Amino acid sequence: EGRRALIADLQALSRRLGEDGAEGFLRDCARAPDAMGQLPSGIAPFVRRALEIPVDDIEAHIAEQCGDALFDLGSLEQIAFDNRNWGTAKGLDRAEIIGRWRGLSPGDRALALEELHSVWATAKGDPRSSGKGQAPQTSGYAELANRLHGRCRELIELRVRARLADLFAAALEAGRAYAFAYAEAKRAAGVVDFDDLIRATVRLLGEPGMGEWIRFKLDQATDHILVDEAQDTNANQWAIVGKLAEEFYAGMGRKNLKLRTIFSVGDFKQAIFGFQGTD
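Note that the structure is predicted; figures quoted are calculated from it, not measured. (Residues numbered from 1 in each chain as written. Predicted model: local features only at pLDDT ≥ 70, side-chain atom pairs only at ≥ 80, totals over all residues. Heavy atoms only, no water.)

Student: Looking at this structure, I do not really get the packing of helix 5 (residues 73-86) against helix 6 (residues 89-102). What am I missing?
Tutor: How two helices pack is summed up by the angle between their axes together with the distance between the axes. Taken N-terminus to C-terminus, the directions of helix 5 and helix 6 make an angle of 150°; their axes are 7 Å apart at the nearest point. In the packing of helix 5 onto helix 6, the handedness of the crossing is left-handed. Taken together, the residues of helix 6 that come into contact with helix 5 (itself represented by Leu 73, Leu 76, Glu 77, Ile 79, Ala 80, Asn 83, Arg 84 and Trp 86) are Lys 90, Gly 91, Leu 92, Arg 94, Ala 95, Ile 98, Trp 101 and Arg 102. In the contact of helix 5 with helix 6, the residues fall into nine nonpolar, two polar and five charged. (Axes fitted to C-alpha atoms, helices over the stretch in contact; angles between N-to-C directions. Helix = DSSP H or I, 4+ residues; strand = E, 2+ residues; numbered from the N terminus. Left-handed = near helix turned anticlockwise from the far one by under 90°. Contact = heavy atoms within 4.5 Å. Nonpolar A, V, L, I, M, F, W, Y, C, P; charged D, E, K, R; others polar.)

Written as structure tokens, this is what we have:
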């Protein structure tokens with residue numbers, strides 16, 4: 001059962017990003033084993049809560065919002081009335097759309113939100129013009145239409161955000177499994193990769209007592225720090241530079257500032273290592 005779920009998560013990831021994109025995402029997850037290890041057992045609810053999306057059935061949630069008790073039916077009826085009295089073909093079409101939507105169950109209304117939204121939204125989702133020839137010129141019509149436009153847009157975007165959150169959660173499930181498998185393969189072979197060395201160095205230099213002693217010993221033999229290709233230096237690598245540079249200004253090192261230098265050079269236009277966490 002667990003393997004079928006993993007296969008489904010990988011399939012979702014591949015459909016979303018394509019083969020190369022999916023492989024790149026999995027490699028990024030493998031480069032962040034600590035973050036993968038901190039994810040909770042249920043990733044989907046975690047992602048939903050992080051994005052302030054209800055964790056229950058999103059369609060049921062939207063259907064509830066479309067029910068008679070919560071939806072602004074008064075404004076909706078006024079919009080239909082104004083369009084019907086406008087007497088144009090487009091006005092009658094819009095009134096008919098509203099009538100059909102009103103006759104549906106809350107669940108079917110949720111599924112038909114896009115059609116209802118077309119009454120006051122363009123194909124791109126922007127509010128329709130309220131100018132003459134574009135909408136009824138009834139007093140207050142534009143305000144009602146904009147209010148309903150905003151509410152429908154919220155519900156439609158909530159559905160989109162929920163689907164994206166669930167896709168991301170599935171991708172993280174696959175990425176976590178890949179990261180754990182990659183780490184286990186390295187342990188079995190007794191090897192480390194470049195990212196392991198960087199993480200180990202950051203931990204070592206930050207280790208209370210031991211890290212301070214190592215930084216002190218390195219400081220005795222270090223007068224200059226040069227960081228080349230700074231645009232491709234990630235946060236962990238900068239942390240190492242920072243730990244070494246701290247010693248330049250600590251204790252006895254402060255007496256020799258004129259003999260010590262920190263130099264960094266880079267060109268953001270040549271940045272190519274974003275996949276390693278550079279920014």
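After that view, the rundown keeps rolling.
Student: Help me understand the state of the cysteines, please; the structure alone is not making it clear to me.
Tutor: What is meant by a disulfide is a covalent connection between two cysteines, made through their sulfur atoms. On inspection of all chains with the given rule, the structure shows zero disulfides. For Cys 66, which is in no disulfide, the shortest distance to another cysteine sulfur is to Cys 152 and amounts to 7.1 Å. Note on Cys 66: relative accessible area 0%, which makes it buried. (Disulfide = S-S within 2.5 Å. Buried < 20%, exposed > 50% of the residue type's maximum accessible area, 1.4 Å probe, protein only.)

Student: Even after reading the chapter, I still don't get a nonpolar patch on the surface, so can you show me in this structure?
Tutor: A surface patch of nonpolar side chains, about 310 Å² in accessible area, is lined by Val 192, Phe 194 and Leu 197. Tracing the backbone shows Val 192 in the loop between helix 9 (141-189) and helix 10 (194-206). (Patch = residues over 30% accessible without salt bridge, like charges linked within 9 Å, V, L, I, M, F, W, Y side chains within 5 Å. Areas by Shrake-Rupley, 256 points an atom, 1.4 Å probe, with all protein chains shown as cover. Salt bridge = Lys/Arg side-chain N within 4 Å of Asp/Glu carboxyl O.)

Student: Even after reading the chapter, I still don't get the pattern of salt bridges, so can you show me in this structure?
Tutor: Where side chains of opposite charge bring their charged atoms close, a pairing between them can arise. All told, the structure shown has 21 salt bridges when counted by the stated rule. Close ionic contact of Glu 115 with Arg 100 constitutes a salt bridge, the shortest N to O distance being 2.5 Å. Remark: Arg 100 occurs in helix 6 and Glu 115 occurs in helix 8 (residues 113-117); sequence separation between them is 15 residues. By relative accessible area, which is 35% here, Glu 115 ends up partly exposed. A relative accessible area of 40% means that Arg 100 is categorised as partly exposed. Here Arg 151 ties to Glu 154 by a salt bridge, and the two come within 2.8 Å at their closest N and O atoms. Taken together, the residues span about one helical turn, with Arg 151 and Glu 154 both in helix 9 at a distance of three residues.

Student: Can you help me understand helix 6 in this one?
Tutor: Note on helix geometry: an α-helix contains 3.6 residues per turn, so any two residues three or four positions apart are oriented the same way. Its 14 residues place the ends of helix 6 20 Å apart at the C-alpha level, agreeing with the 20 Å of an ideal helix rising 1.5 Å per residue. Every buried residue of helix 6 is listed here: Gly 91, Arg 94, Ala 95, Ile 97, Ile 98 and Trp 101. All buried residues of helix 6 lie within an arc of 155° about the axis, which places them on one face of the element. For helix 6, the secondary structure elements touched by its buried residues are helix 4 (58-66), helix 5, helix 7 (106-111), helix 8 and helix 9. (Expected span 1.5 Å × (residues − 1). Arc of directions from axis to C-beta.)

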